[in-house]
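What the coordinates show
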Amino acid sequence: VQLQASGGGLVQAGGSLRLSCAASGSIGSILSINTMGWYRQAPGKQRELVATITSGGSTNYVNSVKGRFTISRDNAKNTVYLQMNSLKPEDTAVYYCNACDRATLICRYWGQGTLVTVSS
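Our subject in this report is the structure included herewith. (Residues numbered from 1 in each chain as written. Predicted model: local features only at pLDDT ≥ 70, side-chain atom pairs only at ≥ 80, totals over all residues. Heavy atoms only, no water.)

Overview of the side chain of Thr114
Convention followed: Segments assigned H or I by DSSP are reported as helices when at least four residues long, segments assigned E as strands when at least two residues long, and all are numbered from the N terminus. Distance and chemistry together define a polar contact, namely a pair of N or O atoms within 3.5 Å, with one atom able to donate a hydrogen and the other to accept it when in protein, and with adjacent residues in sequence counting only for side-chain atoms on both sides. Contacts are assigned to residue pairs that have any heavy atoms within 4.5 Å of one another.
When you line up the elements, Thr114 lands in strand E11 (residues 114-119). Here Gly8 takes part through its backbone nitrogen, which lies 3.1 Å from a polar atom of the side chain of Thr114. What Thr114 contacts, discounting residues up to four positions off in sequence, is Ala5, Ser6, Gly7, Gly8, Leu19, Ala93, Val94 and Tyr95.

What follows is the structure in structure tokens.
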């Protein structure tokens, strides 16, 4: 499975961005994916989970983004989105999409990362 992330950029505090992550590969490999999600890594900090969504649509968010970010998924397009509203400077990070294997529950697929910069 290959994951291609896009949508990052520079935005002022209070603004919005939408990240996209498209999964590609063989039909079998795509069907092997269950949970997809977004992580982020700010300069000098560890990578942290931002949000996840299962193939059935169940979502989970880190507390710091609840009410501001929305994760969604288009299974027909094999794409996961992260709508980010009311952005804050502390949201500045490289955002990575991730996918987990349905059978093993190992989240071993990573996209290349997209930079989000929020200016104050």
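What about the nonpolar core?
Filter applied, for reference: Joining through side-chain atoms within 4.5 Å is the link that ties buried Ala, Val, Leu, Ile, Met, Phe, Trp, Tyr and Cys residues into a set, and such a set is a nonpolar core. The rule is simple: take the accessible area with a 1.4 Å probe, protein chains only, and divide by the maximum for that residue type; under 20% is buried, over 50% is exposed, in between is partly exposed.
Membership of the largest hydrophobic core comes to 30 residues, with the highest contact counts inside it found for Trp38, Leu82, Met84 and Tyr95. Elements that contribute at least two residues to this core include exactly strand E1 (2-6), strand E3 (17-24), strand E4 (33-41), strand E5 (48-53), strand E7 (69-74), strand E8 (79-84), strand E9 (93-101) and E11. For Met84, the residues in contact, after removing those within four places along its chain, are Gly15, Ser16, Leu17, Leu19, Arg68, Phe69, Tyr95 and Val116.

Remarks on the state of the cysteines
Operational definition: Throughout, a disulfide means two cysteine sulfur atoms within 2.5 Å of one another.
Tallied over the entire structure, the rule returns 2 disulfides. Sulfur-sulfur distance for the disulfide between Cys21 and Cys97 comes to 2.1 Å. With the S-S bond torsion at 55°, the cross-link from Cys21 to Cys97 turns out right-handed. Taken together, the residues span a long stretch of sequence, with Cys21 in strand E3 and Cys97 in strand E9 at a distance of 76 residues. For the pair formed by Cys21 and Cys97, the shared burial category is buried. The disulfide that involves Cys100 links it to Cys107, with 2.0 Å between the sulfurs. With the S-S dihedral at roughly 90°, the linkage between Cys100 and Cys107 falls on the right-handed side. Classification of Cys107 by relative accessible area gives partly exposed; the value is 31%. Here the bonded cysteines of the chain are numbered in sequence order, and their pairing is 1-2, 3-4.

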